[in-house]
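Close look at the chain arrangement
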Amino acid sequence: MSAGVEMIRKRRAGGEKRDAVLDAVAGVLATRGYENTRFADVSAAGGVAISTLQTYFGSREDMIIEAMQVFTDREVEALRAVSAGEDDPWRRLVALVDRSLHNSEQTRQVLVEFWRSAMRDDELRDYSATVQERYRAPFLAAVREGAARGAFTLAHDAEAVTDLLLSALAGLIIFRVQHAPTPAPVGFRDVLLTQLRLMLGVNGSQPERIEAR
């Protein structure tokens, strides 16, 4: 975890091997869901004894929740890396949108399980709020920076624009996890970026089209 953000469930043992096990937990979680992810499933997927999993995590619930925490933290760090690689605020927003649109199927499944589980687990709900703020931060920073540079002429509050954008991206994740035929990611991207340009008051050419993944 990043500085200032503590894991809710305390680590017991494992080191690098533990990280590999957490990847196996995420894979099982994406396939079977929170309620059906058991020590036996992770043992089979990760090639590690059930007794070792019990030593690492203590309980099944702690194992799953730690995997969700680590997985979501990786996504936040990935967005930070994307943000750091682009100086222009509009191109940075496009890159952040593309990163969110092109998450892997496993990432989308784990995120939905994370959101669903946070509705019923008080500690996880608190952690979810922290993750949301960190996930939101690079988007909001790009909007504010574009306005400060004069690249954007905002028609609405920067926070409201950012929240609308993230809500749209989260909604698409749910559609895709359900394997809904629409909306298609490429068409969704075009409409989303067109509307975002209008809300931000961006001038210039349309961003290059990319293929859906």
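Let us look at unusual backbone geometry. Between threonine 182 and proline 183 the backbone carries a cis peptide bond, its omega angle lying at 0 degrees. Take proline 183: it is sitting in the loop between helix 8 (158-177) and helix 9 (185-200). One non-glycine residue, histidine 179, adopts positive backbone phi at about 60 degrees. With respect to the element layout, histidine 179 can be found in the loop between helix 8 and helix 9.

A rise of 1.5 Å per residue sets the reference length of helix 8, with its 20 residues, at 28 Å; its end C-alpha atoms lie 29 Å apart and thus fit the reference within 8%. Taken as a whole, helix 8 has its buried residues at Ala158, Val161, Thr162, Leu165, Leu166, Leu169, Leu172, Ile173 and Arg176. Along helix 8, the residues classed as buried sweep out an arc of 125 degrees about the axis, all on the same side. Contacts made by the buried residues of helix 8 are with helix 5 (89-101), helix 6 (105-118), helix 7 (122-149) and helix 9. At the N-terminal boundary of helix 8, the capping side chain belongs to aspartate 157, with an oxygen 2.9 Å from the backbone nitrogen of glutamate 159.

What counts and what doesn't
Residues numbered from 1 in each chain as written. Predicted model: local features only at pLDDT ≥ 70, side-chain atom pairs only at ≥ 80, totals over all residues. Heavy atoms only, no water. Helix = DSSP H or I, 4+ residues; strand = E, 2+ residues; numbered from the N terminus. Expected span 1.5 Å × (residues − 1). Buried < 20%, exposed > 50% of the residue type's maximum accessible area, 1.4 Å probe, protein only. Arc of directions from axis to C-beta. Contact = heavy atoms within 4.5 Å. Polar contact = N/O pair within 3.5 Å; in protein donor to acceptor, adjacent residues only side chain to side chain.

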